[in-house]
Amino acid sequence: MIKLRLAVIAIIGLFVAGFSPAMFAQVPRVWVSGVGDDANPCTSTAPCRTFSRAHEQVAAGGEISVLNPGNYGIITISKSVTISGIGALAGINWSGASNGITINAGSSDVVTIRNLSFFSASGSTGNAIRYSNGAKVHIENCSIQNTASTAIQADLANSGILTVSKTTITGTGSVSRGIDISTTTGILDATFNDLTLRTSEAMVIGNNVYATVTNSAFYGGITAILLQYNGYLNLDRSIVSGYTTAINCNNSLATVRLSNASIINNATGITGSGRIISLNNNTFLGNGTNSNIPLSVLQMQ
């Protein structure tokens, strides 16, 4: 009988050993801490140290939560997940050609990033956030500082949805870019609300993009908003000031609609070869040239 029990225990031990710890560890919510350890199971009492390790431990559709301030390292996201820094100064520092967060998730996955602070090392050519694949990406209440390249880039091959709200982006150097978005096929539906951008080129709206910007401010640089290919922009209740060019609608297929927009103190307000539709509630003031292309002015109803 004793021999039989020992044999059963040995078999169970071999069976369990055949599974990796990660197979047992995927849970709906995991935690990281500045004093955590990636050897931990990422619980609230034994948190991980990096977002990358927490991503391995969290189940699809789950949340990575931050317990206290810290730099939690770069991460590639490959599934539906929320990263939340609420209540703590959760940071990601990126350098070289690496991205702070790379989103390469499944075609039905939803990724949410909120309350994170990003800081770029001097001369970095990577992005703070790069959205390459996934159904939806939501970026909320984030700060991206010192970017010398592009802060948020979406370069999709299929349709997607991007929302960015309550976010500040600052850049350094003449090639710093706040947001650059496009898709090869399908439609990228992009919504931006309550943004502050201080970069050389604030926003590039590319192929197959339908974008809406509200309650936002663009301050200082070379070009605030550049529309390429068949990009489409609604700009509402926003200010663009201090740029060499405020809006460059740089393709005959591109369209800009302006409502309650303030285009103030720029060398050139609007230029390009695309279509500009302006409601009669917009303000053009202090620009060297308000617009060097005709505006289609619609009366308020």
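**Examining the environment of isoleucine 152**
Logical step 1: Note that isoleucine 152 resides in strand β13 (residues 150-156).
Logical step 2: Residue isoleucine 152 is classed as buried on the basis of its relative accessible area, which comes to 1%.
Logical step 3: When the C-alpha atoms of isoleucine 152 and arginine 177 are compared, they prove to be 8.4 Å apart, with 25 residues separating the residues in sequence.
Logical step 4: Those residues in contact with isoleucine 152 that sit more than four places away from it in its chain are Ile129, Ile139, Ile144, Val164, Ile169, Gly178, Ile179 and Asp180.

**With respect to the pattern of salt bridges**
Logical step 1: Taken as a whole and judged by the stated rule, the model has seven salt bridges.
Logical step 2: The partner of glutamate 56 in a salt bridge is arginine 53, and the shortest N-O contact between them spans 2.6 Å. One end of the pair, glutamate 56, and the other, arginine 53, are both in helix α3 (residues 51-57), three residues apart, so they sit about a helical turn from each other.
Logical step 3: For the salt bridge of glutamate 140 with arginine 114, the shortest nitrogen-to-oxygen distance reads 3.2 Å. With glutamate 140 in strand β11 (residues 136-140) and arginine 114 in strand β8 (residues 110-114), the pair connects residues that are 26 residues apart, well separated along the chain.
Logical step 4: The exposure class assigned to glutamate 140 is partly exposed, which follows from its relative accessible area of 26%.
Logical step 5: Linked through salt bridges whose partners overlap, the residues forming this network are Arg177, Asp180 and Glu201.

**What to know about the confidence of the model for the protein**
Logical step 1: Summing up the model confidence of the protein, the mean pLDDT is 90 and the portion of residues at 70 or higher is 90%.
Logical step 2: Ignoring residues within four places in sequence, the model shows residues 1-24, a span with pLDDT below 50, making two contacts including any to other chains.

**Comments concerning the pairing of strand β18 (residues 209-214)**
Logical step 1: Judged from the six bridges that link them, strand β16 (residues 188-198) and β18 form a sheet pairing that is parallel. Note that in β18 the partner of threonine 191 across the bridge is threonine 212.

**Things to note about the packing of aromatic side chains**
Logical step 1: Applying the stated criterion across every chain yields a total of two aromatic pairs.
Logical step 2: Aromatic pair phenylalanine 51 and tyrosine 72: ring centres 5.2 Å apart, planes at 40°, arrangement tilted. Of this pair, phenylalanine 51 sits in helix α3 while tyrosine 72 sits in the loop between β3 (70-71) and β4 (75-77), and the two are 21 residues apart along the sequence. Like phenylalanine 51, the residue tyrosine 72 is buried in the burial classification.
Logical step 3: Ring centres of tyrosine 210 and tyrosine 232 lie 5.4 Å apart, and the angle between their planes is 25°; on these two criteria the pair is classed as stacked. With tyrosine 210 in strand β18 and tyrosine 232 in strand β20 (residues 232-236), this residue pair connects regions lying 22 residues apart in the sequence.
Logical step 4: By relative accessible area, tyrosine 210 is classed as partly exposed at 43%.

**Quick notes on the environment of asparagine 287**
Logical step 1: Summarising the element assignment, asparagine 287 is placed in the loop between β26 (283-285) and β27 (289-291).
Logical step 2: Owing to a relative accessible area of 12%, asparagine 287 belongs among the buried residues under this scheme.
Logical step 3: Residues asparagine 287 and asparagine 40, 247 residues apart in the sequence, show an inter-C-alpha distance of 58 Å.
Logical step 4: Those residues in contact with asparagine 287 that lie beyond four places of it in its chain are Ile263, Ile264, Asn265, Asn266, Ala267 and Gly269.

**With respect to the side chain of threonine 268**
Logical step 1: With respect to the helices and strands, the residue threonine 268 is situated in strand β24 (residues 268-272).
Logical step 2: By relative accessible area, which is 17% here, threonine 268 ends up buried.
Logical step 3: Those residues within four positions of threonine 268 in sequence are excluded, and the remaining contacts are Thr244, Thr245, Ala246, Thr289 and Asn292.

**Topic: unusual backbone geometry**
Logical step 1: For arginine 237, which is not glycine, the phi torsion reads 50° and is therefore positive.
Logical step 2: By secondary structure assignment, the location of arginine 237 is in the loop between β20 and β21 (239-249).
Logical step 3: Although it is not a glycine, asparagine 260 sits at a positive phi angle of roughly 55°.
Logical step 4: Secondary-structure assignment places asparagine 260 in the loop between β22 (255-259) and β23 (262-264).
Logical step 5: The partly exposed category is assigned to asparagine 260, whose relative accessible area is 37%.

What counts, and at which threshold
- Residue numbers run consecutively from 1 along every chain, following the written order of its sequence.
- pLDDT decides what is reported in this predicted model: residues at 70 or higher carry local features, side-chain atom pairs at 80 or more are listed and counted, and totals for whole chains, interfaces and linings draw on all residues regardless.
- Only hydrogens and water are set aside when side-chain values are computed; all heavy atoms of the structure are taken into account.
- The numbering of helices and of strands both runs from the N terminus, where a helix is a DSSP run of H or I of at least 4 residues and a strand a run of E of at least 2.
- Note on exposure labels: buried denotes an accessible area under 20% of the residue type's maximum, exposed denotes more than 50%, and partly exposed covers the range between, all computed with a 1.4 Å probe on protein chains only.
- We call two residues in contact whenever any of their non-hydrogen atoms come within 4.5 Å of each other.
- A pair is scored as a salt bridge if a Lys or Arg side-chain nitrogen falls within 4 Å of a carboxyl oxygen belonging to Asp or Glu.
- Confidence scores here are pLDDT values: one per residue, from the predictor, ranging 0 to 100.
- Here, strands pair whenever DSSP counts at least two bridges between them.
- Two rings from Phe, Tyr or Trp (for Trp, the six-membered ring) form a pair when their centres are within 6.5 Å of each other. A pair whose planes differ by under 30 degrees is stacked, one over 60 is edge-to-face, and the rest are tilted.

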